[in-house]
Amino acid sequence: LITATLQEDELAVHALLNAGVDHCYQNGDGDTAAMIAARLGNQTILETLLARHTPEELRLSNKEGRTALNEASTERGQEAVRRALLSRVSRSIFD
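Everything in this summary refers to the structure shown in the same document. (Residues numbered from 1 in each chain as written. Predicted model: local features only at pLDDT ≥ 70, side-chain atom pairs only at ≥ 80, totals over all residues. Heavy atoms only, no water.)

**A look at the packing of helix H2 (residues 10–18) against helix H4 (residues 43–50)**
Relative orientation and spacing of two packed helices are given, respectively, by the angle between their axes and the distance between those axes. Contact geometry for H2 and H4: axes closest at 10 Å, N-to-C directions at 10°. Compared by their axis directions, H2 and H4 come out roughly parallel. Contacts from Glu 10, Val 13, His 14 and Leu 17 in H2 reach Thr 44, Ile 45, Thr 48 and Leu 49 in H4. Residue classes in the contact of H2 with H4 are distributed as four nonpolar, three polar and one charged. (Axes fitted to C-alpha atoms, helices over the stretch in contact; angles between N-to-C directions. Helix = DSSP H or I, 4+ residues; strand = E, 2+ residues; numbered from the N terminus. Parallel < 35°, antiparallel > 145°, perpendicular 65-115°, else oblique. Contact = heavy atoms within 4.5 Å. Nonpolar A, V, L, I, M, F, W, Y, C, P; charged D, E, K, R; others polar.)

**Some points on the nonpolar core**
Formed by 16 residues in total, the largest nonpolar core has its most connected members in Leu 1, Val 13, Leu 46 and Leu 49. At the level of secondary structure, the elements contributing two or more residues to this core comprise H2, helix H3 (33–40), H4 and helix H5 (68–72). If one sorts the elements of this core by residue count, H3 sits on top with five residues. Apart from the residues within four sequence positions on either side, Val 13 is in contact with Leu 1, Ala 4, Thr 5, Ile 45, Thr 48 and Leu 49. (Core = buried A, V, L, I, M, F, W, Y, C linked by side-chain atoms within 4.5 Å. Buried < 20%, exposed > 50% of the residue type's maximum accessible area, 1.4 Å probe, protein only.)

Below, the structure is given as structure tokens:
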């Protein structure tokens, strides 16, 4: 899933998720696919991944202490990605 996200391969991401791959898997740096999608500014993949995350899972951080929301705030992160994450986080707070 991490590789498919890095390659921005939306079809592979969907296929892997449908096959039951762990969407919260953290690589050696502690990054999840959602963190990588946010860092890359890939709104489509990020929204696909976020649909599977619980509020607790959104709080996962990598070895640098960064979450997917932190990664969306990088230069490559896009405003739409930040909005998608903030929307998901705010829904989880008020649910």
